[in-house]
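Here are the chains, one letter per residue:
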Amino acid sequence: MNRFLQFPQLSLPTRKLPPPFLFHGLRRSHGSYCSQVIEIHKDQVGVSSNRNSHPRFRTFCTSKDLLIKKCVPCNTKELRPMADDAADVLMPQVDGWNLVKEDGINKLRQSWKVKSFTKGLEFFKIVADLAEKEGHHPDLHLVGWNNVTIEIWTHAVGGLTENDFILAAKINKLSVDHLLRVKATQ
Ligand SMILES: C[C@H](O)[C@H](O)[C@H]1CNC2=NC(N)=NC(=O)C2=N1
């Protein structure tokens, strides 16, 4: 008996993949939870529920896909917050970000120390330009003059969507090292 769902090869990389590992999780479908076992190959992000796919046959996206994807408008009625297990599967692709739950809302959070208060504002401007380009916006915090924290979640649905992971992955690629205090351990 085929123990796991075979997903259509939508974005599987062509090269031979190492043996997959099975991911067992719960997926909410039509209001009820059903367990599902999906096959996730080593260098694939795992399940990403993009807007157009049928909820059952979600497309796999590789680790690089987040960087080449574009955020979608948050006012589309199909947009739903992703389940905790789907967020867990995507977390390895947004290095440095933490998954936090606040008042029942899942968010991505990362903090940095900047060289000065004004460099913190420069940091925000660079992030803001990216957010405007993506049409998806983070919550920006600058406290104690040099402590920057960014939180990302989709306000329209009160949780995480793929937009948040796309924005987090792209923030990780911004050239901001000149604004940051070098960590003592480095
Ligand atoms: C239409 C447009 O997508 C919405 O107004 C956007 C703007 N930026 C956004 N950013 C975030 N983080 N959440 C939203 O729900 C959101 N909505």
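Here the structure is a predicted model, which means the values were calculated and not measured. (Residues numbered from 1 in each chain as written. Predicted model: local features only at pLDDT ≥ 70, side-chain atom pairs only at ≥ 80, totals over all residues. Heavy atoms only, no water.)

**Comments concerning the sheet that holds strand β6 (residues 105-113)**
Strand order in this open sheet of 4 strands is β5-β6-β8-β7, and the pairing throughout is antiparallel. Two strands close off the open sheet at either side, each with one partner strand: β5 (98-102) and β7 (139-143). The mean inter-strand angle of the sheet, taken between neighbouring strand axes irrespective of direction, is 30 degrees. Strand contacts of helix α3 (residues 117-134): β6, β7 and β8 (147-152), with the helix running at about 175 degrees to β7, the strand carrying the most contacts. (Pairing = 2+ DSSP bridges. Helix = DSSP H or I, 4+ residues; strand = E, 2+ residues; numbered from the N terminus. Axes fitted to C-alpha atoms, helices over the stretch in contact; angles between N-to-C directions. Contact = heavy atoms within 4.5 Å.)

**Describing the site of the ligand**
With respect to spatial proximity, the complete set of residues near the ligand consists of P73, C74, N75, G135, H136, H137, W153, T154, H155 and A156. The separation between an oxygen atom of the ligand and a polar main-chain atom of C74 is 2.8 Å. G135 is positioned such that a nitrogen or oxygen atom in its backbone is 3.5 Å from a nitrogen atom of the ligand. Across the shell around the ligand, the residue classes tally to 4 nonpolar, 6 polar and no charged. (Near = heavy atom within 4 Å. Polar contact = N/O pair within 3.5 Å; in protein donor to acceptor, adjacent residues only side chain to side chain. Nonpolar A, V, L, I, M, F, W, Y, C, P; charged D, E, K, R; others polar.)

**Observations concerning the pattern of salt bridges**
Applying the stated criterion to the full structure yields 7 salt bridges. In this structure, E102 and K107 form a salt bridge, with 2.8 Å as the shortest nitrogen-oxygen distance. For E102, a relative accessible area of 30% puts it in the partly exposed group. Overall, the relative accessible area of 8% leaves K107 in the buried class. Note that E134 and K170 form a salt bridge whose closest N and O atoms lie 2.6 Å from each other. Of this pair, E134 sits in helix α3 while K170 is found in helix α4 (residues 162-172), placing the two residues 36 residues apart along the sequence. (Salt bridge = Lys/Arg side-chain N within 4 Å of Asp/Glu carboxyl O. Buried < 20%, exposed > 50% of the residue type's maximum accessible area, 1.4 Å probe, protein only.)

**Quick word on the pairing of β7**
In the sheet, β7 pairs with β8 via 5 bridges, with the strands oriented antiparallel. Note on β8: the bridge partner recorded for L140 is I150. Connecting β7 to the antiparallel partner β8 that follows it, the hairpin turn spans 3 residues, and G144 within it adopts a positive phi of roughly 55 degrees.

**A look at α3**
Taking 1.5 Å per residue, 18 residues should reach 26 Å; α3 reaches 26 Å between its end C-alpha atoms and fits that length. On its buried face, α3 is in contact with β6, β7, β8 and α4. Of the residues flanking the end of α3, it is G135, one or two places downstream, whose phi is positive at about 70 degrees. (Expected span 1.5 Å × (residues − 1).)

**Topic: the packing of aromatic side chains**
Per the counting criterion, the structure on display carries 3 aromatic pairs. Between W112 and F123, the ring centres sit 5.0 Å apart and the planes meet at 50 degrees, which makes this aromatic pair tilted. Taken together, the residues span a long stretch of sequence, with W112 in strand β6 and F123 in helix α3 at a distance of 11 residues. A single burial state applies to W112 and to F123, both of which are buried. Ring geometry for F123 versus F124: centroids 6.4 Å apart, planes at 65 degrees, classification edge-to-face. F124 sits in the buried class, given a relative accessible area of 13%. (Phe/Tyr/Trp six-rings, centres within 6.5 Å; stacked < 30°, edge-to-face > 60°.)

**A closer look at the packing of α3 against α4**
For any two helices packed against each other, the geometry is given by the interaxial angle and the distance between the axes. Where α3 meets α4, the axes come as close as 11 Å, and the angle between the chain directions of the two elements is 145 degrees. Between α3 and α4 lies a crossing of right-handed hand. Along its contact with α3, which presents V127, L130, A131 and E134, the element α4 presents I166, L167, K170 and I171. Looking at the contact of α3 with α4 residue by residue, the class counts come to 6 nonpolar, no polar and 2 charged. (Left-handed = near helix turned anticlockwise from the far one by under 90°.)

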